[in-house]
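So you can see what is in the structure, the chains are spelled out below.
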Amino acid sequence: MRKYLAMLGTAALVVTGLCGLGAQSAYADGTLPSPWTDTDVGSPAIAGSASYSNGVFTVNGNGVDIWGSSDQFNYVYQPMTGDESIVARVTSQTAADPWSKAGVMVKQSTTAGSTYALLAVTPGNGISFQYGFNQYTSGTSYTFPAWLKMTFLGASGTVIAYSSPDGINWAEVGSTTISMAYPATIGLFSTSHTPDGGGPNVLSTATFDNVSVTPAPTGEQPPAGVVSNVPAGNTPHLKTTEDNPTEQIRQLVQCGNTMYAVGTFTTIIRQSSSYTRYNIFSFSATAPYTVTSWAPDVVGTYGTTSDASDTLNTIAFVNGNCQDAYIGGKFTSVNGTTVANIAEIDTTTGNVVTTFASKASGAVQTLLGVGNHLLVGGRFTGINGDTNDPYMVSLNPVTGVSDGFLHLNISGSYNYPGVATNTTQVYNQQLSHGGTLDLVEGDFTSVGGLPRQQMFMLNVGGSSATVTGWTSPEFDGSNPAYPYQCATVEPFYIQAAAWSPDDSTVYIGTTGYHPNGYPVGQTPRTGLCDAAAAFPATQTSVLHEWVNYTGCDSLYSAAADAHAAYFAGHERFSMNSNDCDGLGAGGYNAPGMEGLDPANGNLYVSADGSVGYYSRDQGLGADDELVTSAGLWIASDNFDGSQMCGGVQNLSGICFLPYS
């Protein structure tokens, strides 16, 4: 379900627990909204009852306890036939006893003594995670309203329990494994813990709202139409020996029937042939992927994205003209002609087109052709002496002079206690398939006079570019309830994005490690740090449709087609929402890249369901992905000897996954 910022209200669900004498509910089940059913479990002393009116459930019951030899409570439940999660906010509870319990539950059946796990609030003992009739883990103290969440994964029997003060920031209370088979039950419960507690046999009433039962994230078999997990084996690649300096492909672009690659490298290898190429080369976009003779000599200061050095970062074409390429990065000359960080070069000779002014004051990090405009982003504060549009400017592709298409006045950087030094920059951008919207990522706090952090959306379909209303409190800092800041060492963390084919959804891939001040280890993930996520592209303030956590490994690239959202970086895991720096419950090994169901973010897995469908050597991390009509191109590096993609060797730097 898509979540918009205006759609936060829900009808209340009220559950009242009574100790009933084993009688059935005193109303017809049909009065409850399908598929909910109410019953007493374990013959409590007082018969339960329930009613439903105007979106409110009221359930009455009691019970001695759910512990030891007792299994007595009132249960509002529905069938569970697959992995599911239940969320509920407890807004009040009648304190019949310090150990009165109300909360969420999974249970094999409504038969007393059947296997169960529950997460409850208690008047005198805080939050309690309980299973096996004699085992429990105490959570934190709470105040109403208190959010509870529990997930059951049938394949492993794993139950994971969480609590939250706000429904956003979740803390794991505990986890266990139980022996429970489908079909089972899932729902809400209340037990008064009387008269066993020594007091009179009275009711305990609990109220709940924001109740939902949803399928728990789990791996899926990939549908027809995704790219193959077996790459083409004869594409060009970088040197792969471990003792070589690390080299990297930063971006891949197709123009006509030719692929263009830029980055940091001196040698390209294809099959048994070796080619000297200085940070840029081209090759055929179709088999046998022949390397062309085009070999511009791009000279400058080079490094990789891992060491803060600048590289040849980006290449673009304008309006379908494949005769001239525009390149950006940190460099000083091309084929002996002096330039500064930006240039137009001939795709036949490799020489600089001198009619295009070529002087940026700082590194250029992203180039994009939009109609007759060349949109340029980076760390520069001026281009060709023009300082009116620092960090992002629209250039006339013939002259290299600002054409006035955009004036964004980009400024600001991220400041919070302990944060690493970071400076204003525009880092990446992606044009919508319709050609009228441009996503832009970078380090800034103000764009076009509007508060924007991490990314913004430009409308580029008119006579001038304007910042749209698209944003989210999950990354723009507009609502402190959302943990939008990541670890102090990685303050700028949304570095990649992609559009769905119909432009209705935006997919993002992030770095960031973990939310600032939040724990690592076996703890639930929250926020957008080190994650893949989907957001509606509606031009207003929105909330995510889904988030898939790597478990504290970075993603650097994203791409999408109609059947999958593809992400790549140096990640080890996917669907790893319960751990940081390790594989947690419910997670999968998915090294180097992943394909996700665009509807829900679930990982596409191998035929036996054990690992991700796709894989590649992690290296520094895949820095770019490009979907073409033929398949998915992945740009990466040869760090630490990385060279495998989909189990095939000699693919360091470039991997191509074709459509079957």
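None of the values given here were measured: they were computed from a predicted structure. (Residues numbered from 1 in each chain as written. Predicted model: local features only at pLDDT ≥ 70, side-chain atom pairs only at ≥ 80, totals over all residues. Heavy atoms only, no water.)

1. Considering the overall build of the protein chain
Here is the rule: In this description a helix means any DSSP run of H or I spanning at least four residues, a strand means any run of E spanning at least two, and both kinds are numbered starting from the N terminus. Atoms counted for the radius of gyration: C-alpha only. Globule rule: 2.2 Å times the number of residues to the power 0.38. Relative accessible area decides the class of each residue, using a 1.4 Å probe on protein chains only: under 20% of the type maximum gives buried, over 50% gives exposed, and in between gives partly exposed.
For the protein chain, the helix and strand inventory stands at one helix and 49 strands. Its C-alpha atoms give the protein chain a radius of gyration of 28 Å, within 12% of the compact-globule value 26 Å for 660 residues. For the protein chain, the spread of C-alpha atoms along the principal axes amounts to about 95 × 50 × 40 Å. Within the protein chain, buried positions represent 58% of all 660 residues.

2. A short note on the environment of C645
The following threshold applies: In this description, contact between two residues means that some pair of their heavy atoms is separated by no more than 4.5 Å.
Locating C645 in the fold gives a position in the loop between strand 48 (631-635) and strand 49 (654-658). What makes C645 buried here is its relative accessible area of 1%. Residues C645 and I383 lie 262 residues apart in sequence; the distance between their C-alpha atoms is 39 Å. Non-local contacts of C645, meaning those with residues more than four positions away in its chain, are made with P231, S615, R616, L651, C655 and L657.

3. A word on the layout of surface pockets
For the record, the criterion: Detection works on a 1 Å grid of protein atoms alone, calling trapped sets that fit a 1.4 Å probe cavities and calling open sets with protein on both sides within 12 Å along at least five of seven lines pockets, with lining residues defined by an atom within 4 Å of a point. Grid points are joined across faces, edges and corners, and a volume is the space filled by probe spheres set on the points. Residue polarity is assigned by list, with Asp, Glu, Lys and Arg as charged and Ala, Val, Leu, Ile, Met, Phe, Trp, Tyr, Cys and Pro as nonpolar; anything else, Gly included, falls into the polar class.
Taken as a whole, the second largest pocket spans an internal volume of roughly 1,100 Å³. Lining the second largest pocket we find 42 residues, and of these Q251, L368, Q429, L431 and L626 sit closest to its centre. When residues of the lining of the second largest pocket are traced back to their parent elements, those giving at least two are strand 18 (248-255), strand 24 (312-316), strand 29 (364-370), strand 32 (425-431), strand 38 (494-499), strand 42 (555-560) and strand 47 (624-627). Among the elements that line the lining of the second largest pocket, the one with the most residues is strand 18, at six residues. Residues belonging to the lining of the second largest pocket are distributed by class as follows: 21 nonpolar, 17 polar and four charged.

4. Looking at the nonpolar core
Soluble globular proteins tend to bury their nonpolar side chains together. The condition is simple: We define a nonpolar core as any set of buried Ala, Val, Leu, Ile, Met, Phe, Trp, Tyr and Cys residues linked to one another through side-chain atoms lying within 4.5 Å.
One finds V104, V106, A117, L119, F129 and M150 to be the most contacted residues of the largest nonpolar core, which totals 27 residues. Contributions of two or more residues to this core are made by strand 8 (84-93), strand 9 (101-107), strand 10 (116-122), strand 11 (126-131), strand 13 (146-153), strand 14 (158-164), strand 16 (184-191) and strand 17 (204-215). A total of four residues in this core trace back to one element, the largest contributor, which is strand 13.

5. Here we look at empty space enclosed by the protein
By the definition in use, this model includes one cavity of 30 Å³ or more. The calculated volume of the largest cavity comes to roughly 70 Å³. As for the largest cavity, its lining consists of 14 residues, and the residues nearest its centre are R616, S636, M644, L651 and S652. The class makeup of the residues in the lining of the largest cavity is six nonpolar, five polar and three charged.

6. Describing the state of the cysteines
Just so we agree on the cut-off: In this description, a disulfide is simply a cysteine sulfur pair whose atoms lie within 2.5 Å.
Scanning the entire structure with this criterion turns up four disulfides. The disulfide partner of C255 is C322, and the S-S distance across this bridge is 1.9 Å. Because the torsion about its S-S bond is -90°, the bridge between C255 and C322 counts as left-handed. Of this pair, C255 sits in strand 18 while C322 sits in the loop between strand 24 and strand 25 (324-329), and the two are 67 residues apart along the sequence. A relative accessible area of 21% means that C322 is categorised as partly exposed. Each bonded cysteine of the protein chain is numbered by sequence order, and under that numbering the disulfide pairs are 1-2, 3-4, 5-6, 7-8.

7. What about the confidence of the model for the protein chain?
Low pLDDT means the predicted coordinates in that region are not meant to be read closely. Heads up, the condition is: One confidence number per residue, pLDDT, is output by the predictor and ranges from 0 to 100.
Considering every residue of the protein chain, the mean pLDDT works out to 91; 93% of them sit at 70 or more. Counting contacts from residues 1-30, a segment whose pLDDT is below 50, to residues more than four positions away or on other chains yields 124 contacts.

8. So, the pairing of strand 9
Rules: A strand pair is defined by DSSP finding two or more bridges across the two strands.
When you tally the buried positions in strand 9, you get seven out of seven residues, the bulk of the element. Note: strand 9 against strand 10, six bridges, orientation antiparallel. Within strand 10, the residue paired with G103 across the bridge is A120.

9. Things to note about the pairing of strand 40 (residues 531-536)
A large share of strand 40 lies buried, amounting to six of its six residues. Covered by surrounding structure in strand 40 are A531, A533 and F535 together with A532, A534 and P536, the residues of both alternating faces. As paired elements, strand 40 and strand 41 (residues 546-549) share four bridges and run antiparallel to each other. Looking across to strand 41, one finds that A534 is bridged to W546.

10. Some thoughts on the packing of aromatic side chains
Threshold: Two aromatic rings, drawn from Phe, Tyr or Trp (for Trp, its six-membered ring), form a pair once their centres lie within 6.5 Å of each other, and the interplanar angle then sorts them: stacked below 30 degrees, edge-to-face above 60, tilted otherwise. Counting as a charge over the ring demands two things of the Lys NZ or Arg CZ atom: a distance within 6 Å of the ring centre and an angle within 35 degrees of the ring normal.
In total, this model carries 26 aromatic pairs according to the counting rule given. Considering the side-chain rings of W147 and W170, the 6.4 Å spacing of their centres and the 85° angle between planes classify their relative orientation as edge-to-face. Residue W147 is located in strand 13, and its partner W170 is located in the loop between strand 14 and strand 15 (171-177); the two are separated by 23 residues in the primary sequence. For the pair shown, W147 and W170 are each scored as buried. Look at Y613 and Y614: their rings are 4.9 Å apart centre to centre, the planes differ by 80°, and that puts the pair in the edge-to-face class. The class for Y614 is buried, based on a relative accessible area of 2%. We note K149 situated over the ring of Y162; from NZ or CZ to the ring centre the distance is 5.2 Å. For K149, the ring lying beneath its charged end belongs to W170, and the centroid distance is 5.7 Å.

11. A few points about the pattern of salt bridges
Selection rule: Counted as salt bridges are all cases of a side-chain nitrogen of Lys or Arg within 4 Å of a carboxyl oxygen of Asp or Glu.
All told, the structure shown has six salt bridges when counted by the stated rule. For D65, the salt bridge goes to K101, with nearest N and O atoms at 2.9 Å. On the criterion of sequence distance, the pair formed by D65 in the loop between strand 4 (56-60) and strand 5 (66-67) and K101 in strand 9 is long-range, its members being 36 residues apart. For the residue pair D65 and K101, the accessibility class agrees, reading buried in each case. Among the ionic pairs, K107 bridges to D71, the shortest N-O distance being 2.9 Å. With K107 in strand 9 and D71 in strand 6 (residues 70-71), the pair connects residues that are 36 residues apart, well separated along the chain. Each of the two residues, K107 as well as D71, counts as buried. In this structure, a network of salt bridges that share partners links the residues D553, R572 and D581.

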